[in-house]
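Examination of the molecular architecture
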Amino acid sequence: MARLSGESVTARVWTFMRRLLLTVLGLQVGLAIGMSLVDSYRRRGKRPKPFPTRPPGEVVVGDGLVTTYTFGRDLYDDMLAAIEGAERQILFETYIWKGDATGERFKRALADAAARGVEVYCIYDAFANLVVSPSFQRFPSSVKVLRYPVYAAGWRFFDLRRYGRDHRKILVVDDTVGFVGGYNIGSAYETEWRDTHVRVTGPAVWDLKRAFADFWNLNRRRRFRASERPLLLETASTWEPRVRFQRNVPRLWMFPIRSMYLEAINRASRNIWLTTAYFLPDQDFVDALKDAAQRGVDVRLLLPLKSNHIVADWISRGYFSQLLDAGVRILRYRDAMVHAKTATVDGTWSTVGTANIDRLSLQGNFEINVEVIDHGLAKELEEIFLVDESNCLELTSGEWEARDLHRKFTEAVLAPLRPLL
């Protein structure tokens, strides 16, 4: 009888715990959905204000050039010019491809290139473009298209390697020029978002081309349709030792971008200036920044004051207290969305790419960052950072500690969602 009573108590405890966990999870998810809906309603009809930028800057790196872009229109003009001047091959990959006027310009330019005999390959992420009209996603048969599927796991439900999104943005034309960075394709990104992209020439273009080909061959279907045949490349004859492309490949369980950042942060002795659209790292990453600041490194973290994902903003704020206490400066970009993913360390090391400082980018999605060891490019990116900083509000420890109680409560409730973002 006593044993039955004990079993009954145990069952009740487990039932209570399950209900408690479901209630807490429901509160978190409900709060996140509610915040997103309210934020979406408040944004209706609002347009970002103009923000300071720099004109494209060109730097010699090894046997090639690296050009930086901080305004979408400048970037799109040069990307379209490269596409229109293509003679042999175009490799184009993007995460978001809006079906608006800007998206149509790119689609038309690629179709025209294919019509004149250029070999054109396109990759885009289906999930990121669910709201884009299906008619826009129909291409001429002369354009080879890989639509990375919304669900890529098939029957392998528990294979976590197959759930990453294709978050990369790449353009390679004729083995001579390549583009990579944070810009998606769409009219809003052309003038309303502050982002960073680079154009590369020289031997480094081969590595960017290989990154595209590897993704195509890894994810194409095996039925050898004309649009999905293997993309075969010759081996590059030269290397560019100052430029490396770091690729996260979840299918192969490869995530070198996080390691790249941590190594640079841990080696820093003078400054770490980091810009990211979403800041939701693991604690080891946070500790690396704190340790750098505590040993006297000038650590600056530039984030949006309000990003396009309000839940990510709130979760990100959970790291602010420990960062500020360690001496990290937090700069919040106002009046527009800063979507750049860049960093410079000690005036020597720099990176520009597609990976945000969050778990989805560093340990989940297909991403690509260019890593450059060059004083000239680091100086150029530092100057870009200072221009961005002029449009920021710096968060102080006193201001942060004085925030309202309901804000602290919301941050605490949303904190368990960090591993999902």
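Residues numbered from 1 in each chain as written. Predicted model: local features only at pLDDT ≥ 70, side-chain atom pairs only at ≥ 80, totals over all residues. Heavy atoms only, no water.

- Within an unreviewed UniProt entry, the label attached to the chain reads Phospholipase D-like domain-containing protein, and the organism entered is Nocardioides panacisoli.

So, the overall build of the chain
- Broken down by element type, the chain carries 13 helices and 20 strands.
- For the chain, buried positions account for 54% of its 421 residues.
- Counted over contacts in the chain with a minimum sequence separation of 6, partners at least 24 positions apart contribute 77%.
- Of the roughly 19,900 Å² of accessible surface on the chain, a fraction of 56% belongs to carbon and sulfur atoms. (Helix = DSSP H or I, 4+ residues; strand = E, 2+ residues; numbered from the N terminus. Buried < 20%, exposed > 50% of the residue type's maximum accessible area, 1.4 Å probe, protein only. Contact = heavy atoms within 4.5 Å. Areas by Shrake-Rupley, 256 points an atom, 1.4 Å probe, with all protein chains shown as cover.)

Focus on the UniProt feature "domain: PLD phosphodiesterase" (unreviewed entry) in the chain
- Per the UniProt record, "domain: PLD phosphodiesterase" (unreviewed entry) is found at residues 162-189 and 334-361.
- Counted over residues 162-189, helix gives 11% and strand 32%. Its end C-alpha atoms are 29 Å apart.
- The distance separating the terminal C-alpha atoms of residues 334-361 is 24 Å; by composition the span is 11% helix and 46% strand. (UniProt positions renumbered as here; feature names shortened; annotations may be inferred.)

Digging into the side chain of K209
- Tracing the chain through its elements places K209 in helix α5 (residues 204-219).
- Here K209 is in contact with Q89, L91, V172, D175 and L233, once residues within four sequence places are set aside.

What to know about the packing of helix α2 (residues 72-84) against helix α3 (residues 101-115)
- Contact pair α2 / α3: the axes reach a minimum separation of 9 Å and the direction vectors enclose 15°. Considering their axes alone, α2 and α3 lie roughly parallel with respect to each other. Considering the relative orientation of α2 and α3, their crossing is left-handed. Contact residues: Y76, D77, M79, L80 and I83 in α2; T102, R105, F106, A109, L110 and A113 in α3.
- When its residues are assigned to classes, the contact of α2 with α3 shows eight nonpolar, one polar and two charged. (Axes fitted to C-alpha atoms, helices over the stretch in contact; angles between N-to-C directions. Parallel < 35°, antiparallel > 145°, perpendicular 65-115°, else oblique. Left-handed = near helix turned anticlockwise from the far one by under 90°. Nonpolar A, V, L, I, M, F, W, Y, C, P; charged D, E, K, R; others polar.)

Some thoughts on the sheet that holds strand β19 (residues 367-373)
- Ordered by their spatial adjacency, eight strands build an open sheet running β10-β19-β17-β16-β11-β13-β14-β20, and the pairing between neighbours is mixed. For this open sheet the edge positions go to β10 (243-248) and β20 (392-395), each flanked by a neighbour on one side alone. For this sheet the average axis-to-axis angle between neighbouring strands, irrespective of direction, equals 15°.
- Of the pairings in the sheet, the one linking β10 to β19 comprises six bridges and is antiparallel in character. Opposite F245, over in β19, you have V370 as the bridge partner. (Pairing = 2+ DSSP bridges.)

Quick word on a nonpolar patch on the surface
- There is a patch of nonpolar side chains on the surface, built from F127, L130, V131, V150, Y151, W155, F157, F158, L160, Y163 and W253 and spanning about 1,400 Å² of accessible area.
- With respect to the helices, strands and loops of the structure, L160 is situated in the loop between β5 (143-148) and β6 (170-173).
- Judged by relative accessible area, L160 falls into the exposed class, the value being 61%. (Patch = residues over 30% accessible without salt bridge, like charges linked within 9 Å, V, L, I, M, F, W, Y side chains within 5 Å. Salt bridge = Lys/Arg side-chain N within 4 Å of Asp/Glu carboxyl O.)

Things to note about the sheet that holds strand β1 (residues 57-61)
- Reading across the sheet, the eight strands line up as β1-β2-β9-β7-β6-β3-β4-β5 and stay open at both edges, with mixed pairing between neighbours. Each edge of the open sheet is held by one strand with a lone partner, namely β1 and β5. Put simply, the sheet's adjacent strands are angled 15° from each other on average, direction ignored.
- The sheet contact formed by strand β4 (residues 119-125) and β5 spans six bridges and is parallel. For Y121, the partnering residue across the bridge sits in β5 and is K144.

Section: the pairing of strand β17 (residues 349-353)
- Burial analysis of β17 places five of its five residues in the buried class, which makes it a mostly covered element.
- Sheet topology note: the strand β16 (residues 342-345)/β17 ladder contains four bridges and is antiparallel. The residue bridging V345 from the neighbouring strand is W349, located in β17.
- Hairpin connection from β16 to β17: three residues lie between these consecutive antiparallel strands, with D346 at a positive phi of about 55°.
- Pairing between β17 and β19: five bridges, direction antiparallel. Of the residues in β19, the one forming a bridge with T351 is E371.

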